[in-house]
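Fold and geometry: a report
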Amino acid sequence: MSDTNHNAVARVAGGLLSLALPVLLILTSVRLLLTPAFVKLEYHLPGFPEDRFGFSQQDRLRWAPIAVDYLLNDEGIGFLGELAFSDGSAVYNPRELQHMLDVKRLTSLALAVWGGLLAAAIALGSVTAWAGGAVRLWRALRRGALWTLGLMAVLAAGIALTFSFVFVGFHQLFFAAGTWTFSYSDTLIRLFPERFWRDAFTFIALGTLAMAGLILLLASSQLARLRRA
């Protein structure tokens, strides 16, 4: 392959790697969020609102991880639909179950995209390094990290200034109208009040910022080393 063709391949692969990196890092933060550890941490944070309808912290710690488990396992909606309180009443009503089914579909899609992007990023990085050398690779990573930092700065500002707008916009984008609003007495709201979601979005923004910052520092240091060499 000629040098011209090598440069063209490196340019295309590096550009795609830069484009993929922001989405990959965001979805990595989302995957880290989907753990019982985050739920437990959240409920122990100072100022987390109590449930005025009677859930204790232990109740929340019992039921919330089951909801997270449902999003990651291969079970049908009966996994949640069969849950009942000690008085025999259902933990989730039909409207909540339908929403959780929608959330599981979105979660499964997001994790599939995450896995595909991870494999694609490795492949694109390898092609970029092969066709254009280490400098091309680190430049692509630095560029993708900078784009990620800019995107997350906008998200962080939105969360700080008007979280309700960000939260509603997210649900309007991914869920049908009228399927994601619930009564304050419903289990989903009692387990996951607005404070939970504000903290979750903040975690995603800060986690992604941290990963992008590390990549930017590493890429910049490697490029400086290569220039000196």
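Below is a summary of the structure that appears in this document. None of these values were measured; they are calculated from a predicted model.

Cut-off values and rules
Residues numbered from 1 in each chain as written. Predicted model: local features only at pLDDT ≥ 70, side-chain atom pairs only at ≥ 80, totals over all residues. Heavy atoms only, no water. Helix = DSSP H or I, 4+ residues; strand = E, 2+ residues; numbered from the N terminus. Buried < 20%, exposed > 50% of the residue type's maximum accessible area, 1.4 Å probe, protein only. Polar contact = N/O pair within 3.5 Å; in protein donor to acceptor, adjacent residues only side chain to side chain. Contact = heavy atoms within 4.5 Å. 1 Å grid on protein atoms, 1.4 Å probe; cavity = no way out; pocket = protein on both sides within 12 Å on 5 of 7 lines; lining within 4 Å. Points joined across faces, edges and corners; volume = space filled by probe spheres on them. Axes fitted to C-alpha atoms, helices over the stretch in contact; angles between N-to-C directions. Parallel < 35°, antiparallel > 145°, perpendicular 65-115°, else oblique. Left-handed = near helix turned anticlockwise from the far one by under 90°. Nonpolar A, V, L, I, M, F, W, Y, C, P; charged D, E, K, R; others polar. Expected span 1.5 Å × (residues − 1). Salt bridge = Lys/Arg side-chain N within 4 Å of Asp/Glu carboxyl O.

We now examine the side chain of T187. Looking at the element boundaries, T187 is found in helix α6 (residues 187–191). On the basis of relative accessibility, which here comes to 4%, the residue T187 falls in the buried class. From its side chain, T187 meets the backbone oxygen of V91 in a polar contact 2.4 Å long. Sequence-distant contacts of T187, defined by excluding residues within four places in its chain, comprise F55, F85, V91, Y92 and E96.

A few words on the layout of surface pockets. Estimated volume of the second largest pocket: approximately 170 Å³. Contributing to the lining of the second largest pocket are L17, L21, L24, L25, T28, W114, L118, A121, G125, L137, L141 and I215. Those elements giving two or more residues to the lining of the second largest pocket turn out to be α1 (3–33) and α5 (94–174). Considering each element in turn, the lining of the second largest pocket owes the most residues, six residues, to α5.

Let us look at the environment of L72. Position of L72 among the secondary structure elements: in helix α3 (residues 57–72). By relative accessible area, which is 32% here, L72 ends up partly exposed. Residues L72 and A90, spaced 18 residues apart in sequence, show a C-alpha to C-alpha distance of 22 Å. Among residues more than four places away in sequence, those in contact with L72 are R31, L34 and L111.

Two elements in contact, helix α2 (residues 36–43) and α3, have axes separated by 9 Å at closest approach and are oriented at 155°. Here α2 is positioned roughly antiparallel relative to α3, judged by the angle of their axes. Like other packed secondary-structure pairs, α2 and α3 cross with a definite hand, here right-handed. Taken together, the residues of α3 that come into contact with α2 (itself represented by V39, K40 and Y43) are Q57, R60, L61, A64, P65 and V68. Broken down by class, the residue content of the contact of α2 with α3 amounts to six nonpolar, one polar and two charged.

What follows is about α3. Over its 16 residues, α3 runs 23 Å from end to end, which matches the ideal 22 Å to within 8%, given 1.5 Å per residue. For α3, the complete set of buried residues consists of R60, L61, W63, A64, P65, A67, V68, Y70 and L71. The elements touched by buried residues of α3 are α2, α4 (78–81), α5 and α6.

Turning our attention to the pattern of salt bridges. Side-chain pairs of opposite charge can arise whenever the charged atoms involved come near each other. On inspection of all chains with the given rule, the structure shows four salt bridges. Close ionic contact of E42 with R195 constitutes a salt bridge, the shortest N to O distance being 4.0 Å. Here R195 lies in helix α7 (residues 194–228) and E42 lies in helix α2, a separation of 153 residues in the sequence. Using a relative accessible area of 17% as the deciding quantity, one classes R195 as buried. The residue D199 makes a salt bridge to R195 at a minimum N-O spacing of 2.7 Å. With D199 and R195 both in helix α7, this residue pair falls four residues apart, about one helical turn.

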